[in-house]
Amino acid sequence: MPGPPCGPLLGYKTAKFSLTRNRRVGLLHRLLQLSALGYLLGWVLLLQKGYQERDAAPRVAVMTKVKGAAAAEAAGRRLWDAADLTWPPQGENVLFLVTNFIATAQQTQGTCPESPSVLDAMCLEDADCPMGNPVIHGNGIKTGKCVMFNATHSTCEIYGWCPVENSTLPRNSLLAETENFTLFIKNTVHFTKFNFSKCNTLQTNDPSYFKSCMYDPISNPSCPVFRVRNMVEATGENFTDLALLGGSIGVLIEWDCDLDHPAAQCQPQYSFSLLDTRYNFRTASYYWDSQQQLYRNLLKLYGLHFDISVHGQAGKFSMIPTAVSFGTSIAFFGAATVVCDLILLYLDAKADLYWREKFEEVKVGPHGREKAGVKVILDLVFFCRLVKTQFIRSGKKLVEQLLVSNFWA
């Protein structure tokens, strides 16, 4: 008898639960459920704090200040303080502290031999120095003459700042005392989503506190005053070696605030890393003499370049992420059932039996409700019970006859 049109399309499927006494699959099912529970409690709630709403883009303000003094013996004893050795002076999240320098004093514009350390300046005759050509990696413009620089080298004559720049590097840092300079870093973060602000400094009315304290992550975490030597050593480098040619140091300030706890527990963590092992630049100061001749003093400065960056996040309890986290974990519980069903239906030795027990089609015929796919199994069970009864009453021979006559008929 043909079925109704669009039968499969308009059919409805409902779940059917079958208790299977398979210890291996049952054990696997419990282990998967325990894994899902551990994921929910350990990873989602405890480690990731999935019950919190997060703000990972705070507004950040950074202010720095350097204090200290050092004496240098080059070109006469001179005292250098933070105003002389720090760029920029206004204090931002990027600053430079001078630790060494090469000075070229009293330069004036004119003609002089180029340095023999410049390859493009080496010459044997005037034809090697085309007039008007700049010296590649040099200090001026070629005049067309090849002149003696000293008793052993001849170089092209240039028009530029003379004498040319001194390139002799001191064996030791001229400003080694800068290791005792201190760097004050004031940082404020504002989490707009929660309208919460926090500063890394101790809120105190004592004006002398920051002049005497030094940062310690355990005993003094609210005093962000750092000794330069300690910052360099925190990167794994030696200050004496790094001060000679300079270097770049990254300072990372990380905020991880749990706003479900008191605000006093929201404290930043500081870390330091070496970004580069060489850092230098040139600067000059200009002046006029009594004859109105322009001069300059050129300084090639080596030092520590500090790059301060701030990262932060804050979390606070909210029903929406809590519901999402629980919903995701419940889905894993359902996945445990799906995995066990697949094993029973496709991999187990009794997969055919499990398949017939799990799936059935219910039809309503003219004589009432019928179960296609289940009726055969019920008949088989009734037949087995009949065989058992006859065996007890009539013996093995009678049972064999009954099996042959009824089962194979």
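Structure: above.
This section reports on the structure supplied with the text. Note that the coordinates shown come from a computational prediction; the quantities given were computed from them, not determined experimentally.

### Observations concerning the packing of aromatic side chains
Argument step 1. Going through the model one piece at a time under the given rule, you end up with 14 aromatic pairs.
Argument step 2. With a centroid separation of 5.0 Å and an interplanar angle of 75 degrees, the aromatic rings of Tyr 209 and Phe 210 are classed as edge-to-face.
Argument step 3. The exposure class assigned to Tyr 209 is buried, which follows from its relative accessible area of 16%.
Argument step 4. An aromatic cluster of at least three residues, connected via ring pairs, comprises Trp 87, Phe 96, Tyr 279 and Phe 281.
Argument step 5. One residue, Arg 78, lies across the ring of Trp 80, its end atom 4.0 Å from the ring centre.

### Considerations on the nonpolar core
Argument step 1. Leu 175, Val 251, Cys 257, Leu 304 and Phe 306 are the most contacted members of the largest nonpolar core, which has 43 residues in total.
Argument step 2. Ranked by residues supplied to this core, first place goes to strand 15 (residues 294-317) with seven residues.
Argument step 3. With near-sequence residues (within four places) excluded, Leu 304 lies in contact with Leu 95, Phe 96, Leu 97, Thr 99, Val 228, Val 232, Phe 239, Leu 242, Gly 247 and Ile 249.

### Regarding the environment of Asp 206
Argument step 1. With respect to the helices, strands and loops of the structure, Asp 206 is situated in the loop between strand 10 (196-199) and helix 4 (209-212).
Argument step 2. With relative accessibility at 38%, the residue Asp 206 sits in the partly exposed group.
Argument step 3. Polar contacts involving the side chain of Asp 206 include one to the side chain of Ser 208, which spans 2.8 Å.

### Comments concerning a nonpolar patch on the surface
Argument step 1. Residues Leu 27, Leu 31, Leu 34, Leu 37 and Leu 41 make up a contiguous nonpolar surface patch of roughly 470 Å² in combined accessible area.
Argument step 2. Tracing the chain through its elements places Leu 34 in helix 2 (residues 23-47).
Argument step 3. The class for Leu 34 is exposed, based on a relative accessible area of 55%.

Conventions adopted
Position numbers for residues count from 1 along each chain, tracking the sequence in the order it is written. The predicted origin of the model limits local features to residues at a pLDDT of at least 70 and limits the giving and counting of side-chain atom pairs to 80 or more, whereas totals for whole chains, interfaces and linings rest on all residues. In computing side-chain properties, one takes all heavy atoms of the structure into account and sets aside hydrogens as well as water. When the centres of two rings from Phe, Tyr and Trp lie within 6.5 Å, Trp using its six-membered ring, the rings pair. Their planes under 30 degrees apart give stacked, over 60 give edge-to-face, and anything left gives tilted. When accessible area is computed with a 1.4 Å probe and restricted to protein chains, residues below 20% of their type maximum are described as buried, those above 50% as exposed, and intermediate ones as partly exposed. Two limits define a charge over a ring: the Lys NZ or Arg CZ must be within 6 Å of the ring centre, and within 35 degrees of the ring normal. Take the buried residues of types Ala, Val, Leu, Ile, Met, Phe, Trp, Tyr and Cys, join any two whose side-chain atoms come within 4.5 Å, and each joined set is a nonpolar core. Helix and strand definitions here come from DSSP, where helices need a minimum of 4 consecutive H or I residues and strands a minimum of 2 consecutive E residues; each element is numbered from the N-terminal end. Note on contacts: a residue pair qualifies if any of its non-hydrogen atoms lie within 4.5 Å across the two residues. Nitrogen and oxygen atoms within 3.5 Å of one another constitute a polar contact, given that in protein one can donate a hydrogen and the other can accept it, and given that sequence-neighbouring residues count only through two side-chain atoms. Patch rule: a residue counts if its relative accessible area is over 30% and it has no salt bridge; like charges are joined within 9 Å, and nonpolar side chains (Val, Leu, Ile, Met, Phe, Trp, Tyr) within 5 Å. Residue burial considers only the protein chains on display, and all accessible areas are found by Shrake-Rupley using a 1.4 Å probe. Salt bridges are identified by distance alone: a Lys or Arg side-chain nitrogen within 4 Å of an Asp or Glu carboxyl oxygen.

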